[in-house]
Amino acid sequence: MAITKLSTFEEFKRVKENNNSFLLFKNSTTCPISAQAFEEFEKFSQDISQEVYYLNVQESRELSGEIADASGVKHQSPQALVFNGDHVVWNDSHWRITYSSLSEATKQYLK
């Protein structure tokens with residue numbers, strides 16, 4: 001399915017309003033761990049029937065911080081989060097972001 005890049009809090013708010021649950025990936029373009037995790041995220045996105053979202057932390061640092069504040073989940077990069085309504089029901093970071101971990105989390109938490 002499609003990967004949509006988010007850059008503003010208004011875009012993030014629209015995603016929350018239009019989706020009961022969704023997967024968001026926070027990516028750093030300067031980190032090799034993020035590059036590997038983003039490859040896993042991209043592979044996974046090709047096999048899921050739901051749209052997934054990401055943000056680049058260098059371009060959208062303010063958005064990343066606002067999401068951390070609103071969700072109560074400390075910012076990390078790379079980081080994957082599954083939202084259900086306003087709540088993060090699953091998150092992981094760094095080397096633990098794999099095709100397998102994303103698949104398991106979305107099977108369990110995406111409705």
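See the structure printed just above.
Let me sum up the structure you'll find in this document. None of the values given here were measured: they were computed from a predicted structure. Counting restarts for each chain: residues are numbered from 1 in the order of the written sequence. Given that this is a predicted model, residues contribute local features only at a pLDDT of at least 70 and side-chain atom pairs are listed and counted only at 80 or more, while totals for whole chains, interfaces and linings are drawn from all residues. To obtain the side-chain values, all non-hydrogen atoms of the structure were included, while hydrogens and water were left out.

This brings us to the side chain of Ser64. Checked against the element boundaries, Ser64 lands in helix H3 (residues 61–71). Every residue in contact with Ser64, bar those within four places of it in the chain, is listed here: Lys26, Leu55, Val57 and His75. Runs of H or I in DSSP of at least four residues are treated as helices and runs of E of at least two as strands, each being numbered from the N terminus. Two residues qualify as a contact provided that any one of their heavy atoms is within 4.5 Å of a heavy atom in the partner residue.

The subject of this paragraph is the pattern of salt bridges. Any Lys or Arg side-chain nitrogen located within 4 Å of an Asp or Glu carboxyl oxygen qualifies as a salt bridge. For the structure on display, the rule yields four salt bridges. Here Arg96 ties to Asp92 by a salt bridge, and the two come within 2.5 Å at their closest N and O atoms. Think of it in three bands: residues with accessible area under 20% of the maximum for their type are buried, residues over 50% are exposed, and the middle band is partly exposed, with areas taken using a 1.4 Å probe on protein chains only. With relative accessibility at 17%, the residue Asp92 sits in the buried group.

Centre-to-centre distance and the angle between the planes together describe a pair of aromatic rings. The pairing test for Phe, Tyr and Trp rings, Trp by its six-membered ring, is centres within 6.5 Å, and the orientation test on the planes gives stacked under 30 degrees, edge-to-face over 60, and tilted for anything in between. Per the stated rule, a full pass over the model turns up ten aromatic pairs. Pairing Phe12 with Phe22 gives two aromatic rings, centres 6.0 Å apart and planes at 70°, and the pair type is edge-to-face. Placement of Phe12 in helix H1 (residues 9–18) and of Phe22 in strand S2 (residues 21–27) is noted, with a sequence separation of ten residues between them. The same class applies to Phe12 and to Phe22, which are both buried. A ring pair is formed by Phe25 and Phe41, whose centres lie 4.9 Å apart and whose planes are at 15°; its orientation type is stacked. Of this pair, Phe25 sits in strand S2 while Phe41 is found in helix H2 (residues 32–45), placing the two residues 16 residues apart along the sequence.

On their own, these measurements won't tell you what the molecule is for.
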